[in-house]
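Observations on the model geometry
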Amino acid sequence: MTPSPLPPWPSRAPTRGAIRLRAVLETDAAMAQELSTDPYIPHIGTLPAHADRAEAHAWVQRQQGRHAEGSGFSFAMEEASTGKAVGHCGLWLRELGTGLATAGYAVVPSARGRGYAAEALTALTEFGWTVPGLERIALYIEPWNAASIRTAERAGYGFEELLPAYQVIAGEPRDMLLYSATREAPPRDRTSGEDEESASTGK
């Protein structure tokens, strides 16, 4: 097997507040099924809408292979106190050679309104700065998604520009807001309060 071109999996789970990031497990299929009930999430990743158990397990297996294939780090969000999976986030590193990564995140509907997305994004970003050569992390958010914009801002990301018709979602070209964080300006600790829920690129 060809070794992954990425750094090894973190020896310590990235954690912020109530949220810990860990590898995606087979038992996370139930979390994936709940995510698939969101009307938007299936359009920005590979999780089918209203996934059945087989489809959810297939999605889990895809996430488990992301690091080995060199795509990036795919994490389950879990409540640090209970170990319950409450969402998914990823740091995607296909463009690591240029110093760039993209991030995505999604919280299951039953766990929203608790600030988990911002905590997960902050933990993910702090982990990102341990990756050699990574200088900038980008988020792509649709302009209507005010909740995800708040998540990005609470995790310390700043607005850069509007990208007209930048990404095809549900068969239509959509405008995207580009938010970013840089190694020189790491995220501020602004994760208190409610935010949510899903944004940017999924897998």
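The following refers to the structure shown. (Residues numbered from 1 in each chain as written. Predicted model: local features only at pLDDT ≥ 70, side-chain atom pairs only at ≥ 80, totals over all residues. Heavy atoms only, no water.)

1. Description of the overall build of the chain
If you tally the helices and strands in the chain, you get 5 helices and 9 strands. In the chain, the succession of α and β elements from N to C terminus is β-β-α-α-α-β-β-β-α-β-α-β-β-β. Counting the 203 residues in the chain, one finds 52% classified as buried. Look at the contacts in the chain between residues 6 or more apart in sequence, and 68% of them connect residues 24 or more apart. For the chain, the accessible surface area stands at approximately 8900 Å², while carbon and sulfur atoms represent 54% of it. (Helix = DSSP H or I, 4+ residues; strand = E, 2+ residues; numbered from the N terminus. Buried < 20%, exposed > 50% of the residue type's maximum accessible area, 1.4 Å probe, protein only. Contact = heavy atoms within 4.5 Å. Areas by Shrake-Rupley, 256 points an atom, 1.4 Å probe, with all protein chains shown as cover.)

2. A short note on helix H2 (residues 53-64)
The terminal C-alpha atoms of H2, which comprises 12 residues, lie 16 Å apart, in line with the 16 Å expected from a rise of 1.5 Å per residue. Among the residues of H2, Ala56, Trp59, Val60 and Gln63 are the ones counted as buried. For H2, the angular spread of buried residues about the axis comes to 100 degrees, placing them on one side. Contacts made by the buried residues of H2 are with helix H1 (29-35), helix H3 (66-69), strand S3 (72-79) and strand S4 (85-92). The backbone nitrogen of Ala54 lies 3.2 Å from a side-chain oxygen of the residue at the head of H2, namely Asp52. (Expected span 1.5 Å × (residues − 1). Arc of directions from axis to C-beta. Polar contact = N/O pair within 3.5 Å; in protein donor to acceptor, adjacent residues only side chain to side chain.)

3. Comments concerning the side chain of Asp38
When you line up the elements, Asp38 lands in the loop between H1 and H2. Within polar-contact distance, the side chain of Asp38 engages the backbone nitrogen of Tyr40 at 2.7 Å. Here Arg112 takes part through its side chain, which lies 2.9 Å from a polar atom of the side chain of Asp38.

4. A look at the pattern of salt bridges
Oppositely charged side chains may form a pair once their charged atoms are brought near each other. Applying the stated criterion to the full structure yields 11 salt bridges. Glu78 is the partner of Arg20 in a salt bridge, and the nearest nitrogen-oxygen pair spans 2.7 Å. Of the two residues, Arg20 sits in strand S2 (residues 19-23) while Glu78 sits in strand S3, which places them 58 residues apart along the sequence. The shortest N-O distance in the salt bridge between Asp28 and Arg22 comes to 2.8 Å. (Salt bridge = Lys/Arg side-chain N within 4 Å of Asp/Glu carboxyl O.)

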